[in-house]
Amino acid sequence: MEGIEQPDAVWSLDGFSKEDEFLRTQHLISPEQVVKLREVIKPDPDDPWMLYGYDVPLAVWPAVDAMLHCGPPDPNLDYQTSATAPD
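These numbers come from a predicted model, not from an experiment. (Residues numbered from 1 in each chain as written. Predicted model: local features only at pLDDT ≥ 70, side-chain atom pairs only at ≥ 80, totals over all residues. Heavy atoms only, no water.)

J.: How should I be thinking about the overall build of the chain in this particular structure?
T.: A tally of helices and strands in the chain yields two helices and four strands. What you see in the chain, going N to C, is helices and strands ordered as β-β-α-β-α-β. Taking 2.2 N^0.38 as the reference for a compact globule, 87 residues should give roughly 12 Å; the C-alpha atoms of the chain span a radius of gyration of 13 Å, in line with that estimate. Projected onto its principal axes, the C-alpha positions of the chain cover 40 × 30 × 20 Å. For the chain, the proportion of its 87 residues judged to be buried stands at 32%. Considering only contacts within the chain whose residues lie at least 6 apart along the sequence, 59% involve residues at least 24 apart. Just so you have it, the chain exposes about 5,800 Å², and 52% of that area is on carbon and sulfur atoms. Side chains of the chain carry 5 positive and 17 negative charges; the gap between the two charge centres is 5 Å. (Helix = DSSP H or I, 4+ residues; strand = E, 2+ residues; numbered from the N terminus. Rg over C-alpha atoms; globule rule 2.2 N^0.38 Å. Buried < 20%, exposed > 50% of the residue type's maximum accessible area, 1.4 Å probe, protein only. Contact = heavy atoms within 4.5 Å. Areas by Shrake-Rupley, 256 points an atom, 1.4 Å probe, with all protein chains shown as cover. Lys, Arg positive; Asp, Glu negative; His and termini not counted. Charge placed at Lys NZ, Arg CZ, Asp CG, Glu CD.)

J.: Got a minute to help me understand the environment of Pro45 in this structure?
T.: One can find Pro45 in the loop between helix 1 (31-37) and strand 3 (54-55). Look at Pro45 and you get exposed, because its relative accessible area is 84%. Once the C-alpha coordinates of Pro45 and Trp61 are considered, the two residues, 16 residues apart in sequence, prove to be 22 Å apart.

Rendered as structure tokens:
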């Protein structure tokens, strides 16, 4: 992502349940890990820093875990990337 300035954002891998609003997880993602994640989760062409939310399918979980060291997925959760403004 040469020449594209890194935004002031905090990224995370979020797990959430559609059945239980209190069942949630969050794993922080560094800017360096965002760059690596682009290899398995393809962002929109106009979103190189993955500022939009992207689904993380279980089929790519082994690669995601190798990059983020986030452990096995919870089968009761769906996962997405997210980016928010820092506090």
